[in-house]
Amino acid sequence: MNRKKLQELAESLCKTAKHFNKFEVECLIKLFHTLEVEPSDRYAGIGLDRNSFRNVLHVTFGMTDDMMMDRVFRAFDKDNDSCISVTEWVEGLSIFLRGTLEEKIKYCFEVYDMNSDGYISRDEMFLMLKNGLVQQPSDEDPNEGIKDLIEITLKKMDYDHDGKLSYADFENAVKDENLLLEAFGPCLPDMKVFV
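Residues numbered from 1 in each chain as written. Predicted model: local features only at pLDDT ≥ 70, side-chain atom pairs only at ≥ 80, totals over all residues. Heavy atoms only, no water.

S.K.: Pulling in residues and values, what's your account of the overall build of the protein chain?
M.R.: For the protein chain, the count of helices and strands is nine helices and two strands. In the protein chain, the succession of helices and strands from N to C terminus is α-α-α-α-α-α-β-α-α-β-α. Across the 195 residues of the protein chain, 37% fall into the buried class. Just so you have it, the protein chain exposes about 11,300 Å², and 53% of that area is on carbon and sulfur atoms. (Helix = DSSP H or I, 4+ residues; strand = E, 2+ residues; numbered from the N terminus. Buried < 20%, exposed > 50% of the residue type's maximum accessible area, 1.4 Å probe, protein only. Areas by Shrake-Rupley, 256 points an atom, 1.4 Å probe, with all protein chains shown as cover.)

S.K.: Now, about the pattern of salt bridges: what can you tell me, with residues and values included?
M.R.: Tallying each qualifying case throughout the model produces twelve salt bridges. In this structure, Glu26 and Arg3 form a salt bridge, with 3.2 Å as the shortest nitrogen-oxygen distance. Here Arg3 lies in helix H1 (residues 3-16) and Glu26 lies in helix H2 (residues 22-35), a separation of 23 residues in the sequence. Among the ionic pairs, Arg54 bridges to Asp70, the shortest N-O distance being 2.9 Å. Here Arg54 is found in helix H3 (residues 50-61), whereas its partner Asp70 is found in helix H4 (residues 66-76), with 16 residues between them in sequence. Residue class for Asp70 comes out partly exposed when judged on its relative accessible area of 22%. Salt bridges linked by common partners bring Arg50, Arg54, Asp66 and Asp70 together as one network. (Salt bridge = Lys/Arg side-chain N within 4 Å of Asp/Glu carboxyl O.)

S.K.: Can you lay out the nonpolar core for me, pointing to particular residues and giving the numbers?
M.R.: Side chains of nonpolar character tend, in soluble globular proteins, to be buried together. With 52 residues, the main nonpolar core has Val72, Trp89, Phe96, Tyr107, Tyr112, Phe170 and Phe184 as its most contacted residues. Looking at this core element by element, the count peaks at seven residues for H4. Each of domain 1 (3-98) and domain 2 (101-193) accounts for three or more of the residues forming this core. Beyond its immediate stretch of four places on either side in the chain, Tyr112 contacts Met68, Ile120, Glu124, Met128, Phe170, Leu181, Glu182, Ala183, Phe184, Gly185 and Cys187. (Core = buried A, V, L, I, M, F, W, Y, C linked by side-chain atoms within 4.5 Å. Domains from an automatic or database assignment. Contact = heavy atoms within 4.5 Å.)

S.K.: Describe in detail the side chain of Glu26, supporting the description with residues and values.
M.R.: For Glu26, a relative accessible area of 7% translates into the label buried. The residues touching Glu26, leaving out its near neighbours within four places in the chain, are Arg3, Leu6, Gln7 and Ala10.

S.K.: If you had to explain helix H5 (residues 86-98) to someone new, which residues and values would you point to?
M.R.: The end-to-end C-alpha distance of H5 is 18 Å, a good match for the 18 Å that 13 residues give at a rise of 1.5 Å each. Burial in H5 covers these residues: Val86, Glu88, Trp89, Val90, Gly92, Leu93, Ser94 and Phe96. (Expected span 1.5 Å × (residues − 1).)

S.K.: How would you sum up the environment of Asp162? Please name residues and give values.
M.R.: With respect to the helices, strands and loops of the structure, Asp162 is situated in the loop between helix H8 (142-157) and strand E2 (165-166). Within polar-contact distance, the side chain of Asp162 engages the backbone nitrogen of Lys164 at 3.3 Å. (Polar contact = N/O pair within 3.5 Å; in protein donor to acceptor, adjacent residues only side chain to side chain.)

All we've got here are geometric facts, nothing functional implied.
Structural data, given as structure tokens:
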């Protein structure tokens, strides 16, 4: 990519990726092009495929949960073409790394709402918590502990008492207690990685 095209793209992306300055956007574009792979499927888009993106999440941000990395990929892949474009990369990182609390609430809800129906259901909570919790050897059924945790979570977060979390429930709960932002698993970067 020549310098003029890089600057034009960076200027354009600065308008939508509000948390980065032009220089930072240019650096992210350059980084993207070093990570970009040619698609193995001729119908796939050009950009970062799922495996390349998961590698970035693991190596750069310390993510290890496979299911959560796939959900983060889906949150970045706004056009659902199974490929992260340079625009999706820069705009996604803007929220992922520097988003406001409101932007991060929306992003985390999108990650946790696995079937995109506008709710985080008991089943979705169960899958995320079961996948993210370390099982301790005991005589007790480990699923019972997860079900108990879901009940506690719903008591704390389900403001309208309908047995599932709407975006409004999630937003209110997180605004009341910021620690609930990643209640169902880590989907934001581990800031200890950057220290």
